[in-house]
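Structure assessment
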Amino acid sequence: MNRLVSGVLWLLLYLAVVTLPLLLMLVPPVPTGRGFWLELSVALGFVGLTQIVLQLVLISRFKSLSAPYGIDIILRFHRQIALVAIAFILIHPVLIIVDTPARVKLLNPLGGTWASRTAWISLFCLAGLAVTSLFRLRLGLTYERWRLLHLILAGGAIIFALLHVVMAGLYTNTLWKHAVWVLPGGALVLLVLYTRLIKPGFFPDSVWRVAEVRPERGNCVTLVLEPDGHEGMSFAPGQFVWITLGDRKITMQENPFSIRSSAARPARLEFGIKKMGDFTENLPHVKPGTRAVLQGPHGAFSIDRYPAVGYVFIAGGIGVTPLMSFLHTMADRRDPRPVILVYADKTLEDMAFQEELAELESRLDLEVVYVPEKAGEDWQGETGFVTWDILERHVPKDLIHREFFLCGPGPMMASLHKALKAAGVHQDHIHLELFELV
Ligand SMILES: Cc1cc2nc3c(=O)[nH]c(=O)nc-3n(C[C@H](O)[C@H](O)[C@H](O)COP(=O)(O)OP(=O)(O)OC[C@H]3O[C@@H](n4cnc5c(N)ncnc54)[C@H](O)[C@@H]3O)c2cc1C
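Residues numbered from 1 in each chain as written. Predicted model: local features only at pLDDT ≥ 70, side-chain atom pairs only at ≥ 80, totals over all residues. Heavy atoms only, no water.

Quick notes on the domain arrangement of the protein chain
Per the domain assignment, the segments making up the protein chain are domain 1 (3-202), domain 2 (204-298) and domain 3 (303-433). A straight line from the C-alpha centre of domain 1 to that of domain 2 covers 35 Å. Contacts between the two partners involve 15 residues from domain 1, matched on the other side by 17 residues from domain 2. A per-residue breakdown of the area domain 1 buries against domain 2 is headed by Arg61, Pro200 and Phe202, which together make up 34% of the total. Along the contact surface separating domain 1 from domain 2 lie two salt bridges. Ionic pairing is found between arginine 147 and glutamate 254, a salt bridge with its closest N-O pair at 3.0 Å. (Domains from an automatic or database assignment. Contact = heavy atoms within 4.5 Å. Buried area = accessible area lost by both parts, 1.4 Å probe. Salt bridge = Lys/Arg side-chain N within 4 Å of Asp/Glu carboxyl O.)

And the structure:
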């Protein structure tokens, strides 16, 4: 099925499931004699809760769901729709009080009924989820701690909200209506535990072995993985995987990295990894033969999705890795189309894979333009920040008609994106990959 059609179908399915509780509210026996605000409040509560439960599907990394959009877009949707759901859930008690001001006593978390207490616990969990996700770095939370907290708070929010629905009991006043809420909610929690924690470690095709770890310029290493008893992984150039190293079958540790080798070589994956924190600092000490579990491939940042007359690749620092995969794949496919890679970093010495790029220049219609921010007196090339002028100098002819792929730090991507649009490049021809999911 084509990507646009399946993307629209998933969206329609999402809207159908989110509004399904409103239909269930109409199935008898239903409470009578209630005002508009109260009904609206309950409807918003049900829709918000359904959206929170569906968040589990969004993070389950189902390939058929992420394929039309790319998993980064799914995760962005997960973040933004969470705020909408929380807003609906917060409006729910406000409208109850608008309808019947005497119910203001429910606002006391310690007073009220068990139905209101469970609602309060769920709300606290939701508030915790929003605050720790929006301000993770300012709160000094490491990614791993944040992730564990996120799982605990999300589980708490869903379980206590379901208890609230069952205890409030107005629209869930029969056994089958309880079951309609509790069974799918419980099944989704189990599904996520299975797909995220259990399946990767036990699925034989996801197990690889470290073949080599070699140092590169700019505080980087190349990690080479080979399949352990299977044929390897087919992927599109530019895609990424989550890597877990070590023998533990169930672990919370997993880090995303773009594959930087050729998609034509599925049985030897190479990654270019910059030292950032605990996982990446430890990589130079990882021994050949170490077990690696891969989840993926994921991502929609790929030349295979966008046919073009030629390409402009722009990298900032380690953002060069998915672009390296494009180039290696094009070389293996003997792709004759013209390409320019504009590669920026603080200094020339910081830029990894220069020898590989020189070799790729001899196999492709490729020009590599290095743009160090600062360079010595003897440097004849470009310096400073990447601009449209630099691109025009190196691609005088068909620049505007090419497909643009950018990967690098957020501020660099934002300013280049603006510059490309100002120069007349259509939005559909600009593709961005950011190495940040949270
Ligand atoms: C799609 C994608 C592709 C990437 N490709 C590359 C690549 O090819 N080469 C490369 O060097 N880096 C890449 N990264 C970045 C890389 O994932 C992080 O630098 C790495 O996980 C840092 O882990 P750490 O424990 O060493 O450092 P930490 O100090 O723990 O983390 C530094 C930052 O990395 C991010 N991060 C850490 N762990 C995770 C995780 N499990 N999931 C998502 N984000 C996390 C967080 O923003 C965190 O603040 C990519 C990231 C993404 C999202």
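Some words on the packing of helix H9 (residues 320-332) against helix H10 (residues 354-363)
Contact geometry for H9 and H10: axes closest at 10 Å, N-to-C directions at 35°. You can see that H9 and H10 cross each other, and the crossing is left-handed. From H9, Met324, Leu327, His328, Ala331 and Asp332 reach across to H10, where they touch Glu356, Leu357, Leu360 and Arg363. Split into classes, the residues belonging to the contact of H9 with H10 amount to five nonpolar, one polar and three charged. (Axes fitted to C-alpha atoms, helices over the stretch in contact; angles between N-to-C directions. Helix = DSSP H or I, 4+ residues; strand = E, 2+ residues; numbered from the N terminus. Left-handed = near helix turned anticlockwise from the far one by under 90°. Nonpolar A, V, L, I, M, F, W, Y, C, P; charged D, E, K, R; others polar.)

Observations regarding the sheet that holds strand E2 (residues 220-227)
Strand order in this open sheet of six strands is E4-E3-E6-E1-E2-E5, and the pairing throughout is antiparallel. Looking at strand neighbours, the two that pair on one side only are strand E4 (255-258) and strand E5 (269-274), the edges of this open sheet. Taking each pair of neighbouring strands and ignoring which way they run, the sheet shows an average axis angle of 40°. Alignment of strand E1 (residues 207-216) against E2, held across eight bridges, turns out to be antiparallel. Residue pairing for E2: arginine 214 is matched across the bridge by threonine 222. (Pairing = 2+ DSSP bridges.)

A short note on the site of the ligand
Near the ligand lie 23 residues; those nearest to it are Glu254, Pro256, Lys274, Asp278 and Thr280. With respect to the ligand, the backbone of proline 256 contributes an N or O atom lying 2.7 Å from an oxygen atom. Contacts to the ligand include lysine 274, whose backbone N or O atom sits 2.8 Å from an oxygen atom. In the complex, the protein chains occlude 90% of the 880 Å² of accessible area that the ligand would expose alone. Those elements giving two or more residues to the shell around the ligand turn out to be strand E3 (240-245), E4, E5 and helix H8 (278-282). Broken down by element, the residue count for the shell around the ligand peaks at four residues, all from E4. Partitioning the shell around the ligand into residue classes produces 12 nonpolar, six polar and five charged. (Near = heavy atom within 4 Å. Polar contact = N/O pair within 3.5 Å; in protein donor to acceptor, adjacent residues only side chain to side chain. Areas by Shrake-Rupley, 256 points an atom, 1.4 Å probe, with all protein chains shown as cover.)

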